[in-house]
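Each chain, written out:
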Amino acid sequence: MDYTVLLLAIPFLMFLLLGLVGQKLGPKMAGILGTAGLSVVTVLAYYVAYSYFLNKGLTLNGVLESAVNGDGSWKALTSFNFTWLDLSNANRPDLRIEIGMLFDPISVMMLVVITTVSLMVHIYSIGYMHGEEGFERYYSILSLFSFAMLGLVVATNIFQMYIFWELVGVSSFLLIGFYYKKPSAVKAAKKAFIVTRFADMFFLVGILILSYYTKTFSFEQINGDHAALVHTTMGGLTFMGCSVTAIALTLIFLGGAGKSAMFPFQIWLPDAMEGPTPSSALIHAATMVVAGVYLVARLFPVYFFEATSVLTFIAYVGAFTSLFAALIACTQTDIKRVLAFSTISQIAYMMVALGVSGYASAHEAGLGFTASMWHLFTHAMFKALLFMCAGAIIHAVHSNEMDDMGNMRKYLPITHWTFLIACFAIAGIPPFSGFFSKDEILTAAFESNMIIYVCQAFVAGLTAFYMFRLYFRIFWYNEPTFHHTPHEAPKSMTIPLIVLAAFTCVGGFIPFSEFITAESIGYEIEMNTTIATISVVVALIGIAIATFMYKKQNEWPDKVTAIFKNFYVWAYHRFYIDEVYLFITNKIIFGIICTFIAWFDRHIIDGFMNLLAWTTNLVSDETKEVQSGSVQQYAWVFIMGVVTIVALALYL
Amino acid sequence: MMAIIFCLGSEKKNIIRMVMAVGALAILGTAVYVTLDFLAQREAGDAADFLFRQDIVWYQSLNINYSVGVDGISVAMLLLSSVIVLTGVFASWGMEIQTKEYFLWFLMLAIGVFGFFISIDLFTMFLFYEVALIPMYLLIGLWGTGRKEYSAMKLTLMLMGGSAFLMVGIFGIYYFSSADGQLTFNIVEIAKNHAMPVDKQLIFFPLTFVGFGVLGAMFPFHTWSPDGHASAPTAVSMLHAGVLMKLGGYGCFRIAMNLMPEAADQLSWIFIILTGTSVVYGAFSACVQNDLKYINAYSSVSHCGLVLFALLMMNKTAMTGAILQMVSHGLMTALFFALIGMIYGRTHTRDIREMGGMMKIMPVLGVCYVIAGLASLGLPGLSGFVAEMTIFVGSFEHTDLFHRFFVIMGCTSIVITAVYILRVVGKVLFGPVQDKHHESLTDAVWHEKIAAFGLIIAIAGIGLAPLWLSDMISNSSIIMHFMK
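Fair warning: this is a prediction, and the values are worked out from it, not measured in the lab.

Calculation criteria
- Residue numbers run consecutively from 1 along every chain, following the written order of its sequence.
- Each chain gets a letter, beginning with A, and each ligand a number, beginning with 1, in the order they are written.
- Thresholds applied to this predicted model are a pLDDT of at least 70 for local features of residues and 80 or more for the giving and counting of side-chain atom pairs; totals over whole chains, interfaces and linings are not thresholded and use all residues.
- Only hydrogens and water are removed before side-chain values are computed, so all heavy atoms of the structure are retained for them.
- A run of H or I in DSSP becomes a helix once it reaches four residues, and a run of E becomes a strand once it reaches two; helices and strands are each numbered from the N terminus.
- Throughout, exposure labels follow a simple rule: accessible area from a 1.4 Å probe, protein chains only, divided by the maximum for the residue type, with under 20% read as buried, over 50% as exposed, and the rest as partly exposed.
- Throughout, a residue-residue contact means that at least one pair of heavy atoms, one from each residue, lies within 4.5 Å.
- Calculation of accessible area relied on Shrake-Rupley with a 1.4 Å probe; when residues are assessed, cover is drawn exclusively from the protein chains displayed.
- This count recognises Lys and Arg as positive and Asp and Glu as negative, with His and chain-terminal groups excluded.
- Where a charge lies is defined by one atom per residue type: Lys uses NZ, Arg uses CZ, Asp uses CG and Glu uses CD.
- By this rule, a helix spans an expected 1.5 Å times one less than how many residues it contains.
- Pairing between strands requires that DSSP locate at least two bridges from one strand to the other.
- Remark: nonpolar core denotes a set of buried residues (Ala, Val, Leu, Ile, Met, Phe, Trp, Tyr, Cys) joined through side-chain atoms within 4.5 Å.
- How far each domain reaches was decided by an automatic or database domain assignment.
- Note on method: axes are straight lines fitted to C-alpha atoms, helices fitted across the in-contact stretch only, with angles between N-to-C directions ranging 0 to 180 degrees.
- To sort the angles, those under 35 degrees are grouped as roughly parallel, those over 145 as roughly antiparallel, those from 65 to 115 as roughly perpendicular, and the leftovers as oblique.
- The sense of a crossing depends on the near helix, which, turned anticlockwise from the far helix by less than a right angle, makes the crossing left-handed and, turned clockwise, makes it right-handed.
- Looking at any residue, its pLDDT shows the predictor's confidence there, from 0 to 100.
- A quick way to say it: buried area is the sum, across both parts, of accessible area lost when two parts are put together, with a 1.4 Å probe.
- When a carboxyl oxygen of Asp or Glu lies within 4 Å of a side-chain nitrogen of Lys or Arg, that pair is called a salt bridge.
- Pairs of N or O atoms are called polar contacts if they sit within 3.5 Å, as long as, within protein, a hydrogen donor faces a hydrogen acceptor (for residues adjacent in sequence, only side-chain-to-side-chain pairs).
- All residues other than Ala, Val, Leu, Ile, Met, Phe, Trp, Tyr, Cys, Pro, Asp, Glu, Lys and Arg, Gly among them, are scored as polar; the first ten of these are nonpolar and the last four charged.
- A pair of aromatic rings is counted whenever rings of Phe, Tyr or Trp (Trp by its six-membered ring) have centres within 6.5 Å, and the orientation is called stacked for planes under 30 degrees apart, edge-to-face for over 60 and tilted otherwise.
- The rule is short: NZ of Lys or CZ of Arg within 6 Å of the ring centre and within 35 degrees of the ring normal puts a charge over the ring.
- A patch consists of residues whose relative accessible area exceeds 30% and which take part in no salt bridge; residues with like charges are grouped when within 9 Å of each other, and nonpolar side chains (Val, Leu, Ile, Met, Phe, Trp, Tyr) when within 5 Å.

### Points about the overall build of chain A
The helix and strand inventory of chain A stands at 24 helices and six strands. By principal-axis analysis of the C-alpha atoms, chain A measures approximately 120 × 65 × 55 Å. Residue burial in chain A is summarised as follows: out of 652 residues, 59% are buried. Within chain A, counting contacts between residues at least 6 apart in sequence, those at least 24 apart form 78% of the total. Of the roughly 24900 Å² of accessible surface on chain A, a fraction of 68% belongs to carbon and sulfur atoms. Averaged over its 33 positive side-chain charges, chain A has a centre that lies 9 Å from the centre of its 40 negative ones.

And the structure:
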């Protein structure tokens, strides 16, 4: 244990402190404490990242350990790893859940992403949540979330990841349901928790299968040496014709799909927007929702070497989800929901990238992996920025609906410019960060699977379209009648916007492939100019259409809607997937199964028990006459008995 | 301690309460001392099956002894019981009717429970078992609410029915287990002799297992539980669900499975079906109940089903998980019943349709309820997660399709549990206030806070640092015995 433990300890202590005595500290103190604590964590995380990536060495427990192996690949370092719970038994003597901290390229990168966005959200919330009831509670849950998310990414084993996975889930639940007096918020929180919990069940079973055969939870042992352990212990095993490894990994992926809102688990994320906007920026845009991508990346060697079919499956799920979500995003009118669907679509991009990726660094075979992590990084920054801008806008007009907005560039100049930068980034316009990462994803897809490439390129166009539709509807278009003149947000809110915009501008120039690769060996990316040109042209077309339709109010949107009438209605209602779920849960599970079981219990089982009691009662009621205490009756029975016996003796 | 209270006049309620509080605290202190001493002796290398042995001959000709002693499992159960007795005293602080008698019976129950967990003589154990059951009838019948006579009668009759099975089982063990002609009730000796013929085991194992299973709320013998809990006063529900139901699991393990391992092995499939059914059946039933206590009672059916289910997996991890689950379920269900009692005491309704927005009105109780709920649905950092995960990992040892099917079915309970817990939390605590009269209600007072916080500390303590407890349990010889 050394200073790195503070990365987890500080947020956890903040959570306890603010949770227990937050009320006494008062909102101002709570906000300052929470933010200060997280600033320390951020500095630590940057220090770790700086030492690891640039100094190529990390001082752990007082010893400077090199971050690079002899062959030039990045090395995984562990600062501590203690046994939390012993699950050993006769067959698996070493099975135990450990809690530790693992530093390798992807976890260190995630540390930077999480602390940066979380710190920005902490600062931003001081302004945004000012005067809200439950301010202290809000900061306490933010700290809990930061703790859980950091613990998730530094997990040394899959069970530690599952533990923190559940904890981020609950902090997400608490933040979505933050306005607990609002029924819609409560409903959304429940939905988010139950849907992700449902997916977690698959994750758990996946872990159980994997650990049953490999006899360990440790990532190092599972992944090590091209997943040799999985190969020797599980290779060739089949269950009902399917490879057991593939089943286990598919189940684990489903867990990730739940958190990352992949189809068919995407339904919870749009509703999760009921939470306070800054927490949506942190949890439901930048960090928690990419946990599924991180999970697949974490187990990438196993997926690649032992279950290629599952990777292909992931790629198709990702491609479908990105298209599906992008189509819905084009039709929504609540600005946060547009962003939510855009998040789903962008995370799906990352999944696609992992799905089409190879492994080796040579000849850029493992480009997809790098691209996925890169997109995770850039997306976290620009999507958090978009959400925070949306927060500033909502703060100004007190509404989420596009119809209440328009011509806002006059009133919120900083928000306007930062939003525009983020829009360029997500649309994939150079030199903003999104262009680079998305371009690498498209290149990887192009080299692996043409269908997926075409789909993703089309989605890139759609992305540009719906983002600029959003942009023009908010900042241009017609000015509606405001209740009061909108005003720019306070400094505590605009500074985070500017910082994140700066990240968005420079994020594309980080030589990511030097640091993060599937094989842990750095390489240099060469840009494929053809693909880059195509994607920029597609994006520009999308932007052009959006400009044409939404810069000024005109009749074109209605005309286009009329052309795609049925399709538009379907997309607007999110293709009725929610209704399907509602039908299954309410009508079938609650309405039929639960009600039947409850009825069965009360009437059949309990009825049977009551019947037993009743029968006993009846029998004793009847037989109690026998012992009545009446001498005449006894005598009568006695005489009749004697007569009967005598009669029998005489005549037989 | 009973004697002290007995001597006090019934008018001095506050003194009675004080005596109870001090006494319960002393019990907890003793339990903690026993735990520490136990761990120290184990550390010092004392590897005997049971520590702190004491044997007094009771009835020579039948070889009945008062033999007591503890191993890691009993110590865990003692800790659990003492925590719940203490918090139960604080939770029934407001009991105004016949306070003295109430606490007397309450203590009687506690004596039975403690005696049961430390006995290693079958006869003594059975004696304490009955001592624990009888007060229940009076406690529910006199101090209960609702259909209390019906519930008390039903509960007592069903449990007595279980006892009848159990008694036959125990006598069977007594008569057929001797190796050298000397009949004995001593569990350690019977286990050591291991002389019971398998054909006799096959007869008496089901009797004993069902006998205890009734108390452990095993499907289909669980129906006493919802009615019983619904009518019982708060602290009685706490003690009943928290500790008394654990007697069932403990007995199944210590007597039925430990003494008749071959039969347990051969017949486990029947009971795996029953207990596996309990797990999901209880959870599904809980989803549509409207009475808070019914929800919790069905949830107990589900969680206690998991205890027996894990025991039947018969390997070290799963069995350790089962004991952990007993402790964990005991604590969280006691917390639930305590909180439900507190809420009911204010709103005079337990119907979730008539409540709403309680979080705003009584934030302390609300937060405690959320924590209890999260523990129940297995959130890491609270005790439920530790127990459930140990059980699932352990149960996964069996590779055959039958076991796998039931384990995965058991895993689905984590989702269903989330559904009914969040349903309650969403309806009762969140949302708008349903009843205008509720707005004037007050939050928890000091003795309620002590009860709730005490349980929460225990739950979080186990959830955050489970290793010592799980080691203490898994190092018991009885579990090692199954680690073939």
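### What about helix H18 (residues 446-464) of chain B?
With 19 residues, H18 of chain B ought to run about 27 Å at 1.5 Å a step, and its terminal C-alpha atoms sit 26 Å apart, in line with that. Within the sequence span of H18 of chain B, burial applies to His-447, Glu-448, Ala-451, Ala-452, Leu-455, Ile-456, Ala-458, Ile-459, Ile-462 and Gly-463 of chain B.

### Some words on the pairing of strand E1 (residues 57-60) of chain A
Consecutive side chains along a regular strand alternate between the two faces of the sheet. All names here are of chain A. Here four bridges tie E1 to strand E2 (residues 63-66), and the two strands are oriented antiparallel to one another. Considered in E2, the bridge of Gly-57 is made with Ser-66. Between the antiparallel neighbours E1 and E2 lie two residues, among them Asn-61 with a positive phi of about 55°.

### Details of the nonpolar core
The biggest cluster of nonpolar side chains holds 430 residues, and the ones touching the most others in it are Phe-103, Phe-159 and Tyr-303 of chain A together with Phe-205, Phe-209 and Tyr-369 of chain B. Taken together, domain 1 (307-572) and domain 2 (576-651) of chain A each give at least three residues to this core, which thus spans both. The contact partners of Phe-209 of chain B, leaving out residues within four places of it in the chain, are Met-218, Cys-252, Ala-256, Met-257, Phe-271, Leu-308 and Leu-312 of chain B.

### Quick word on the packing of helix H6 (residues 148-176) of chain B against helix H9 (residues 224-231) of chain B
All names here are of chain B. Between H6 and H9, the shortest axis-to-axis distance is 8 Å and the interhelical angle comes to 135°. One way to sum up the angle between H6 and H9 is to call them oblique. As for how H6 packs across H9, the hand of that crossing is left-handed. Between H6 and H9, the residues in contact are Lys-148, Tyr-150, Ser-151, Lys-154, Leu-155, Met-158 and Leu-159 and Trp-224, Asp-227, Gly-228 and Ser-231, respectively.

### Digging into the confidence of the model for chain B
Looking at chain B as a whole, its pLDDT mean stands at 83, while 95% of the residues score no less than 70. Interface scoring of the predicted complex returns ipTM 0.90; its pTM is 0.91.

### Details of the environment of Gly-169 of chain A
Residue and element names in this part refer to chain A. Along the chain, Gly-169 turns up in helix H4 (residues 158-176). Between the C-alpha atom of Gly-169 and that of Tyr-47, which follows or precedes it by 122 residues, the distance is 28 Å. Once residues lying within four places of it in the same chain are set aside, the contact partners of Gly-169 are Phe-193, Lys-259 and Met-288.

### Some details on the interface of chain A and chain B
Each partner contributes to the interface: chain A provides 51 residues, whereas chain B provides 61 residues. Of the roughly 5000 Å² buried between chain A and chain B on both sides combined, carbon and sulfur atoms contribute 73%. Looking at the side of chain A facing chain B, the largest losses of area belong to Trp-84, Tyr-180 and Arg-197 of chain A, adding up to 13% of the total buried there. Counting across the interface, chain A meets chain B through two salt bridges. The tally of links from chain A across to chain B stands at 15 residue pairs in polar contact (both at pLDDT 80 or more). For the side of chain A that touches chain B, the elements supplying multiple residues, two or more each, are strand E3 (77-86), H4, helix H5 (183-214) and helix H23 (577-623) of chain A. Broken down by class, the residue content of the side of chain A that touches chain B amounts to 35 nonpolar, six polar and ten charged.

### What to know about the packing of aromatic side chains
Tallying each qualifying case throughout the model produces 76 aromatic pairs over all chains. Between Trp-84 of chain A and Phe-385 of chain B the ring centres are 6.5 Å apart and the planes differ by 45°, which places this aromatic pair in the tilted class. In this pair, Trp-84 of chain A sits in strand E3 while Phe-385 of chain B sits in helix H16 (residues 383-395), so the two residues belong to two different chains. Of the two residues, Trp-84 of chain A and Phe-385 of chain B, both sit in the buried class. Pairing Phe-600 of chain A with Tyr-281 of chain B gives two aromatic rings, centres 6.4 Å apart and planes at 80°, and the pair type is edge-to-face. Of this pair, Phe-600 of chain A sits in helix H23 while Tyr-281 of chain B sits in helix H11 (residues 261-287), which puts the two residues in different chains. Judged by its relative accessible area of 5%, Tyr-281 of chain B is buried. Across the ring face of Trp-476 of chain A, the terminal group of Arg-409 of chain A is positioned such that the distance to the ring centre comes to 3.7 Å. The ring of Tyr-212 of chain A has Arg-404 of chain B lying over it, and the distance from NZ or CZ to the ring centre is 4.9 Å.

### Some words on the domain arrangement of chain A
The domain architecture assigned to chain A consists of domain 1 (307-572) and domain 2 (576-651). On a C-alpha basis, the centroid separation for the pair domain 1 of chain A and domain 2 of chain A is 69 Å.

### Overview of the packing of H5 of chain A against helix H6 (residues 219-234) of chain A
Residues and elements named next belong to chain A. At a minimum axis separation of 9 Å, H5 and H6 run at an interaxial angle of 85°. With respect to their mutual orientation, H5 and H6 come out roughly perpendicular. Within the contact between the two elements, H5 uses Ile-209, Leu-210, Tyr-213 and Thr-214 and H6 uses Ile-222, Leu-229, Val-230, Thr-233 and Met-234. In terms of residue class, the contact of H5 with H6 is built from seven nonpolar, two polar and no charged.

### Topic: unusual backbone geometry
Residue and element names in this part refer to chain A. Here Phe-263 and Pro-264 are connected by a cis peptide whose omega angle stands at 0°. Among the secondary structure elements, Pro-264 is positioned in the loop between helix H7 (244-259) and helix H8 (268-271). Geometrically, the link from Pro-430 to Pro-431 is a cis peptide bond, its omega value of 5° lying close to zero. A positive phi is found at His-226, a non-glycine position, where the angle reads about 55°. The topology assignment puts His-226 in helix H6. By relative accessible area, His-226 is classed as partly exposed at 41%. Phi is positive for Ala-261, which is not a glycine, with a value near 55°. Examined against the element boundaries, Ala-261 turns out to sit in the loop between H7 and H8. The class for Ala-261 is buried, based on a relative accessible area of 0%.

### A look at the pattern of salt bridges
Between side chains of opposite charge, pairing is possible as soon as their charged atoms come close. All names here are of chain A. Under the defined criterion, the tally for this structure stands at 20 salt bridges over all chains. When the shortest N-O distance is used, the salt bridge between Asp-104 and Arg-298 registers 2.6 Å. Placement of the pair is Asp-104 in the loop between strand E4 (96-103) and helix H2 (105-128) and Arg-298 in helix H10 (residues 291-298), with a sequence separation of 194 residues. Across the pair Glu-133 and Lys-181 runs a salt bridge, and its minimum N-O distance is 3.4 Å. In this pair, Glu-133 sits in the loop between H2 and helix H3 (135-153) while Lys-181 sits in the loop between H4 and H5, placing the two residues 48 residues apart along the sequence. Taking relative accessible area as the criterion, Lys-181 reaches 37% and is therefore assigned partly exposed.

### Quick word on a nonpolar patch on the surface
Residue and element names in this part refer to chain A. A surface patch of nonpolar side chains, amounting to about 600 Å² of accessible area, comprises Leu-13, Leu-16, Leu-17, Leu-20, Val-21, Leu-25 and Met-29. Note that Leu-13 resides in helix H1 (residues 6-54). Accessibility expressed as a relative area gives 53% for Leu-13, which makes it exposed.

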